[in-house]
Amino acid sequence: MENFYKISNKIQNFIVAVLGKCSAYLMIAVTLFALAEIIRRYVFGVVFEWGQDAVIYMMVSSVAFYICVTQIGRNHLVMSAVLQLLNAKGFHRTVGFCKIFVSFFISLFTASLTFTAYSTVEYSIQIGERSESLFFFMWPFYFILALGMGLMSWSKSFNALTGMPNPMAPPDLMERIATTRPSKSSVGLPLLPGSMGMAT
């Protein structure tokens, strides 16, 4: 099991380093391009015909790349008020089971999306489908979405197998989670150690 954790940790670090940076650079590039297009449209009265397609293409691709990164780091938005309340009442096993069940369900759901995306990519290549401006092929866009869903499925399946907290998380992240205390701005429910950043 220890070897499994080590291998998975290496894969996680690679995903965070590569896809995280690619997503960030892509989002910066598309933001600058969109601003440039606004200036060109309203100041000079000209735009690229493929500009709108490029913005949508790159922005959605950036989000798709970053899906798995947020799952690995457990930095995504979590609505865990009910689980925190159950944990505070002493239903620790119930909370753990719910988290594992949800992780497993999400893993199956995203895996099914990845599996069905294969036929979509294949069909798009066969018919030569293009974007609205007829400048970009659509199959790379579908492939990026499928890749993002597939990596998310891998991350959630690991969470379901190992339970909570995630042993794959970087040590500094786990230390911050363990030492987090509720702030005065809390909405009334106790913020339990280990609940911040945890996936449901």
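Use the structure listed above.
Before going into details, it helps to say that this report is about the structure given with it. (Residues numbered from 1 in each chain as written. Predicted model: local features only at pLDDT ≥ 70, side-chain atom pairs only at ≥ 80, totals over all residues. Heavy atoms only, no water.)

Things to note about the overall build of the chain
- Scanning the chain for helices and strands turns up six helices and zero strands.
- The order of α-helices and β-strands along the chain, N terminus first, is α-α-α-α-α-α.
- Within the chain, buried positions represent 32% of all 200 residues.
- Put simply, 73% of the contacts in the chain that link residues at least 6 apart link residues at least 24 apart.
- In the form shown here, the chain has an accessible surface area of approximately 12700 Å², with 70% of it arising from carbon and sulfur atoms. (Helix = DSSP H or I, 4+ residues; strand = E, 2+ residues; numbered from the N terminus. Buried < 20%, exposed > 50% of the residue type's maximum accessible area, 1.4 Å probe, protein only. Contact = heavy atoms within 4.5 Å. Areas by Shrake-Rupley, 256 points an atom, 1.4 Å probe, with all protein chains shown as cover.)

Digging into the nonpolar core
- Ile15, Leu19, Ala64, Phe65, Cys68, Val69, Ile72, Ile144 and Leu151 together form the largest nonpolar core, which totals nine residues.
- When residues of this core are traced back to their parent elements, those giving at least two are α1 (2-44), α2 (51-73) and α5 (139-162).
- Counting residues per element, this core draws most heavily on α2, at five residues. (Core = buried A, V, L, I, M, F, W, Y, C linked by side-chain atoms within 4.5 Å.)

What about unusual backbone geometry?
- Non-glycine residue Leu134 carries a positive phi angle of around 65°.
- Position of Leu134 relative to the elements: it lies in the loop between α4 (92-127) and α5.

Concerning the packing of aromatic side chains
- In total, this model carries 10 aromatic pairs according to the counting rule given.
- A ring pair is formed by Trp50 and Phe136, whose centres lie 6.3 Å apart and whose planes are at 85°; its orientation type is edge-to-face. Taken as a pair, Trp50 in the loop between α1 and α2 and Phe136 in the loop between α4 and α5 lie far apart in primary sequence, 86 residues in all.
- Measuring from centroid to centroid gives 5.5 Å for Tyr57 and Phe136, while their planes differ by 50°, and the two rings are tilted. In this pair, Tyr57 is assigned in helix α2 and Phe136 in the loop between α4 and α5, connecting sequence segments 79 residues apart.
- Taking relative accessible area as the criterion, Tyr57 reaches 13% and is therefore assigned buried.
- With a relative accessible area of 22%, Phe136 lands in the partly exposed category.
- Taken together, the aromatic side chains of Phe33, Phe48, Trp50, Tyr57, Phe135, Phe136, Phe141 and Tyr142 make up a single cluster linked through ring pairs.
- Over the face of the ring belonging to Phe48 we find Arg40, whose NZ or CZ atom lies 4.2 Å from the ring centre.
- One cation-aromatic arrangement involves Arg130 over Phe137; the distance from NZ or CZ to the ring centre is 4.0 Å. (Phe/Tyr/Trp six-rings, centres within 6.5 Å; stacked < 30°, edge-to-face > 60°. Lys NZ or Arg CZ within 6 Å of the ring centre and 35° of its normal.)

Thoughts on the pattern of salt bridges
- Summed over the entire model, instances satisfying the criterion amount to one salt bridge.
- A salt bridge links Arg40 to Glu37; the nearest nitrogen and oxygen atoms lie 2.9 Å apart. You can see Arg40 and its partner Glu37 sitting in helix α1, three residues apart, about one turn around the helix. (Salt bridge = Lys/Arg side-chain N within 4 Å of Asp/Glu carboxyl O.)

Let's talk about α4
- In a regular helix each residue adds 1.5 Å, so 36 residues correspond to 52 Å; α4 covers 53 Å between its end C-alpha atoms and thus fits that length.
- Taken as a whole, α4 carries its principal kink of about 25° at Ala117.
- Along α4, the residues classified as buried are Val95, Lys99, Ser103, Ser107, Thr110, Ala117, Val121 and Ser124.
- A positive phi of about 65° marks Gly128, the residue just after α4. (Expected span 1.5 Å × (residues − 1). Bend = angle between axes of the 7 residues up to and from the residue.)

A look at the side chain of Ser131
- Relative to the helices and strands, Ser131 is located in the loop between α4 and α5.
- A polar contact is formed between the side chain of Ser131 and the side chain of Asp53, at a distance of 3.1 Å. (Polar contact = N/O pair within 3.5 Å; in protein donor to acceptor, adjacent residues only side chain to side chain.)

A look at a nonpolar patch on the surface
- The grouping of Tyr25, Ile28, Leu32, Leu35, Ile38, Ile39, Tyr42, Val43, Phe44 and Val46 at the surface amounts to a nonpolar patch, some 1100 Å² of accessible area in total.
- Within the secondary structure, Val46 sits in the loop between α1 and α2.
- Of the residues examined, Val46 reaches a relative accessible area of 41% and is grouped as partly exposed. (Patch = residues over 30% accessible without salt bridge, like charges linked within 9 Å, V, L, I, M, F, W, Y side chains within 5 Å.)

Read these as spatial facts, not as claims about activity.
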